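# Residue-level structure breakdown
Listed below are the residues making up each chain.
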Amino acid sequence: MFHLLGSHTADDNSLFIYRRGAFLAYIILYVDDIILTTSSDVLRKSIMTVLSYEFAMKELGPLSYFLGIALTRHACVLFFSQRKYAAEIIERVDMSSCKSTSTPVDTKPKLGVAASSPYEDPTHYRSLARALQYLTFTRPNITYVVHQVCLFMHDPRVEHMNALKQIIRYIQGMLDYDLHLYPSSTSTLVSYTYDDWGGFLDTRRFTSGYCMFLGNNLASWSAKRQSTLSRSSVEAEYRGVANVVSESCWLCNLLLELHCPIQKATLVYLDNISVVYLSGNQVQHQCTKHIEMDIHFVREKVARGQVRICHVPSRYQIAYIFTKGLPSVLFEDFRDSLSVRRPPAMTAGV
């Protein structure tokens, strides 16, 4: 069917691209939902005519709602919101009138496996944790703490449920916050990465976090407990750099298929100077033998000019929000850097 219009991308089988001369169209397909964007209205109508020959379909107009995410346009800004979905989660635990908190997690040590007595309803806990996972699509600022509570779905404890409820109390106070996207150049790709070495209490594995900006807009983010144990902070952070470089390569390839190539080197910021030096130093050290594959992978990208590893002061290390609990002032500053904000006040009739 879609081969009549174009071909799916190598990096995403649900994304189809059509290009003929100056005409360009993107089609995103998810089960029976379709997003179509084209370079001209004439091309859009032509593609819809072709699709209508294959199956019954209905045009719903400009994109406003997709997979539970509401999209709103205002003054050239796109707002991505899951307010309704967040409110439903709060109602499921009967916390609509709860007192809100300024952060979704405090700065005390992380949760452990045998933290307290078992929670009485593990199925309820798992259902809420999965629901919060989907909420991170428009609330990247809660990605870290949601990841933490999801680590214990196999055996939830009372302390884990208390941590989950703190997330919900935080969401209660930020129902009006949306993820903002602004008109921006696609010529730059900037990443921040940080790894909390030995931070997981039970196994001392590290939590790796990063965020990636395409122009001024957040394009990709992650908070994940790594599957291997690192013997030093340098080793842990270099593994994190390799992860974010791998993600940037995928995104660059996708943009190339979208005919929006990135011409400049990807900038990767971290606050460990030793890792910055290591990425450009061709001398092998005894302490790097455990991450030799990552070392060669990153150095090759740096040597080709595709990636630049740079130092950033800890005060401006946005990736902290994906790896640890932060004081409210710093948390709110980094949340704003991720473009998670309240929408501007709209006057009546606008």
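None of these values were measured; they are calculated from a predicted model.

As a further point, take the overall build of the protein chain. For the protein chain, the count of helices and strands is nine helices and 14 strands. Sequence-distant contacts, at least 24 apart, represent 69% of the contacts inside the protein chain between residues at least 6 apart. In the structure as shown, the protein chain presents an accessible area of about 17,900 Å², 54% of it carried by carbon and sulfur atoms.

So, about the pattern of salt bridges. Tallied over the entire structure, the rule returns eight salt bridges. In this structure, Glu59 and Arg44 form a salt bridge, with 2.7 Å as the shortest nitrogen-oxygen distance. Of the two residues, Glu59 sits in the loop between helix H1 (41–54) and strand S5 (65–66) while Arg44 sits in helix H1, which places them 15 residues apart along the sequence. The structure contains a network of salt bridges with shared partners spanning Asp41, Arg44, Lys45 and Glu59.

All right, on to the sheet that holds strand S12 (residues 266–270) then. Pairing within the open sheet is mixed, and its five strands lie in the order S11-S10-S9-S12-S13. Looking along the sheet, the strands with just one partner apiece sit at the ends: strand S11 (217–225) and strand S13 (307–311). Across the sheet, the axes of successive neighbouring strands diverge by a mean angle of 20 degrees, strand direction being ignored. On the sheet, helix H4 (residues 143–150) packs against strand S10 (207–214) and S11 and is oriented at approximately 30 degrees with respect to S11.

For helix H9 (residues 328–337), every residue scored as buried is listed here: Leu330, Phe331, Phe334 and Arg335. On an axial view of H9, the arc spanned by its buried residues comes to 135 degrees, and they lie on one face. Positive backbone phi, at 65 degrees, marks Ser339, one or two positions downstream of H9.

Moving on, we get to the packing of aromatic side chains. For the structure on display, the rule yields seven aromatic pairs. Pairing Tyr85 with Tyr134 gives two aromatic rings, centres 5.5 Å apart and planes at 80 degrees, and the pair type is edge-to-face. Note that Tyr85 is positioned in helix H2 (residues 83–92) and Tyr134 in helix H3 (residues 122–135), a separation of 49 residues in sequence. Ring centres 5.6 Å apart and planes at 80 degrees place the aromatic pair Tyr170 and Phe331 in the edge-to-face group.

The next subject is the packing of H2 against H3. Taken N-terminus to C-terminus, the directions of H2 and H3 make an angle of 165 degrees; their axes are 10 Å apart at the nearest point. The orientation of H2 with respect to H3, classified from their angle, is roughly antiparallel. Taken as a pair, H2 and H3 cross one another with a handedness that is left-handed. Where H2 approaches H3, its residues Tyr85, Ala86, Ile89 and Arg92 are matched on the opposing element by His124, Ser127, Leu128, Ala131, Leu132, Tyr134 and Leu135. Of the residues contributing to the contact of H2 with H3, the split by class is eight nonpolar, two polar and one charged.

Criteria and cut-off values
- Residues numbered from 1 in each chain as written.
- Predicted model: local features only at pLDDT ≥ 70, side-chain atom pairs only at ≥ 80, totals over all residues.
- Heavy atoms only, no water.
- Helix = DSSP H or I, 4+ residues; strand = E, 2+ residues; numbered from the N terminus.
- Contact = heavy atoms within 4.5 Å.
- Areas by Shrake-Rupley, 256 points an atom, 1.4 Å probe, with all protein chains shown as cover.
- Salt bridge = Lys/Arg side-chain N within 4 Å of Asp/Glu carboxyl O.
- Pairing = 2+ DSSP bridges.
- Axes fitted to C-alpha atoms, helices over the stretch in contact; angles between N-to-C directions.
- Buried < 20%, exposed > 50% of the residue type's maximum accessible area, 1.4 Å probe, protein only.
- Arc of directions from axis to C-beta.
- Phe/Tyr/Trp six-rings, centres within 6.5 Å; stacked < 30°, edge-to-face > 60°.
- Parallel < 35°, antiparallel > 145°, perpendicular 65-115°, else oblique.
- Left-handed = near helix turned anticlockwise from the far one by under 90°.
- Nonpolar A, V, L, I, M, F, W, Y, C, P; charged D, E, K, R; others polar.

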